[in-house]
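Structure at a glance
Listed below, chain by chain, are the residues.
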Amino acid sequence: MSKVYSAHSVSVDGYITGRDPGAGRGLGDGTMLFDWYFDGDTPSKVFDGFTLSEPSARLFDTIAARDGAIVAGRNTYEDSEHFGGGSPHPTAPLFVLSHRPAPEISERQTLVTTGIEDAIAAARAVAGGKDIGLMGGGVLTSALNAGLVDEVILHQIPILLGGGRSFFQELPEHVNLRLLQAVAAPGVTHLHYEVVR
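Criteria and thresholds
- Residues numbered from 1 in each chain as written.
- Predicted model: local features only at pLDDT ≥ 70, side-chain atom pairs only at ≥ 80, totals over all residues.
- Heavy atoms only, no water.
- Helix = DSSP H or I, 4+ residues; strand = E, 2+ residues; numbered from the N terminus.
- Rg over C-alpha atoms; globule rule 2.2 N^0.38 Å.
- Buried < 20%, exposed > 50% of the residue type's maximum accessible area, 1.4 Å probe, protein only.
- Contact = heavy atoms within 4.5 Å.
- Lys, Arg positive; Asp, Glu negative; His and termini not counted.
- Charge placed at Lys NZ, Arg CZ, Asp CG, Glu CD.
- Core = buried A, V, L, I, M, F, W, Y, C linked by side-chain atoms within 4.5 Å.
- Phe/Tyr/Trp six-rings, centres within 6.5 Å; stacked < 30°, edge-to-face > 60°.
- Lys NZ or Arg CZ within 6 Å of the ring centre and 35° of its normal.
- Pairing = 2+ DSSP bridges.
- Axes fitted to C-alpha atoms, helices over the stretch in contact; angles between N-to-C directions.

**Quick notes on the overall build of the protein chain**
- Along its length, the protein chain carries 4 helices and 10 strands.
- Reading the helices (α) and strands (β) of the protein chain from amino to carboxyl end gives β-β-β-α-β-α-β-β-α-β-α-β-β-β.
- Against the globule reference of 16 Å for 197 residues, the protein chain gives a C-alpha radius of gyration of 16 Å, in line with a compact fold.
- Counting across all 197 residues of the protein chain, residues that qualify as buried make up 49%.
- Residue pairs in contact within the protein chain that sit at least 24 positions apart in sequence constitute 65% of those at least 6 positions apart.
- Averaged over its 14 positive side-chain charges, the protein chain has a centre that lies 4 Å from the centre of its 23 negative ones.

Structure (structure tokens):
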């Protein structure tokens, strides 16, 4: 069965955006969280225009090749200007989880308003046996609460942002993780965890 995982760039103090994120402002003052996508000389084999360091490219492409579908939260969708009507991934379809209508959803995107379980089930139905990537702190928190997450990957950027949108939201209980891999690369440390059940 396909796995459900999250892979996010995050500051050392746990933020996935800087202050004042939003449509037209992206990550707010936290744009350096994505610098590692472009600060190397190794082109990504999955994402056009990404030139990463060699260790980051190797790991990033391995992860990106797993994706059969993406589930994103409404904040991520809005902050990313609706992904231009497509998906954040070149080949994986996008499912947007929201509790309110989204008239801007395109025919290439799917809105799910009935909860994280339904969003992941719908994504899994079209993923062709590949994995489901989660985007956004709220989506990850909902999926962790539902016991649906298999892996958490943190691309940890060596900065303390001091504010912004926090990655991990309040959980009702501890979630134990087992470190599978740690890769130090220029400007980022990649931490790959398995959720222990």
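Still to come is the rest of the account.
**With respect to the nonpolar core**
- Judged by nonpolar contacts, the single largest core of 26 residues is most densely connected at Val 71, Leu 97, Ile 116, Ile 132, Leu 134, Val 149 and Leu 154.
- Of all elements in the fold, only β1 (4-11), β4 (67-73), β5 (94-97), α3 (116-126), β7 (131-135), α4 (137-145), β8 (151-157) and β10 (188-195) reach the threshold of two or more residues within this core.
- Not counting chain neighbours up to four residues away, the residues in contact with Leu 154 comprise His 8, Val 10, Phe 167, Phe 168, Thr 189, His 190, Leu 191 and Tyr 193.
- Counting residues in each nonpolar core, the second largest holds 15 residues, with Leu 33, Phe 47, Phe 50 and Ala 57 among its members.

**Regarding the environment of Asp 41**
- Among the secondary structure elements, Asp 41 is positioned in the loop between β1 and β2 (42-43).
- As a C-alpha pair, Asp 41 and Ala 57 span 16 residues in sequence and 9.3 Å in three-dimensional space.

**Structural notes on helix α1 (residues 54-64)**
- The element α1 is largely enclosed, with a buried count of 8 among its 11 residues.
- Of the residues making up α1, those classed as buried are Pro 55, Ser 56, Ala 57, Leu 59, Phe 60, Asp 61, Ile 63 and Ala 64.

**What about the packing of aromatic side chains?**
- This model, assessed by the stated rule, comprises 12 aromatic pairs.
- Seen in terms of ring centroids, Tyr 37 and Phe 38 are 6.0 Å apart; in terms of plane orientation they differ by 85 degrees. Their pairing is edge-to-face.
- Residue class for Tyr 37 comes out buried when judged on its relative accessible area of 14%.
- Ring centres of Phe 38 and Phe 50 lie 5.2 Å apart, and the angle between their planes is 70 degrees; on these two criteria the pair is classed as edge-to-face. Of this pair, Phe 38 sits in the loop between β1 and β2 while Phe 50 sits in the loop between β2 and β3 (51-52), and the two are 12 residues apart along the sequence.
- Given the relative accessible area of 47%, Phe 38 is considered partly exposed.
- Its relative accessible area of 14% is what places Phe 50 among the buried residues.
- Aromatic ring contacts, followed pair by pair, group Phe 34, Trp 36, Tyr 37, Phe 38, Phe 47, Phe 50 and Phe 60 into a single cluster.
- Here Arg 66 stacks its cationic end above the ring of Tyr 5, 4.4 Å away from the centre of that ring.

**Section: the sheet that holds strand β9 (residues 177-185)**
- Taken together, 8 strands build an open sheet; the order of strands is β6-β5-β4-β7-β1-β8-β10-β9 and the sheet is mixed. Single-partner strands in this sheet number two, and they are β6 (109-112) and β9. Ignoring which end each strand starts from, the neighbouring axes of this sheet average 20 degrees apart.
- Where β9 and β10 come together, 8 bridges link them in antiparallel fashion. Opposite Ala 182, over in β10, you have Leu 191 as the bridge partner.
- Its contacts with the sheet put α1 on β1, β4, β8, β9 and β10, and the angle it makes with β9 is roughly 140 degrees.
- Helix-sheet contacts for α3 involve β1, β4, β5, β6 and β7, and the interaxial angle to β4 is about 155 degrees.

**With respect to the environment of Gly 28**
- Here Gly 28 lies in the loop between β1 and β2.
- For the pair formed by Gly 28 and Asp 131, sequence separation is 103 residues and the distance between their alpha carbons is 29 Å.

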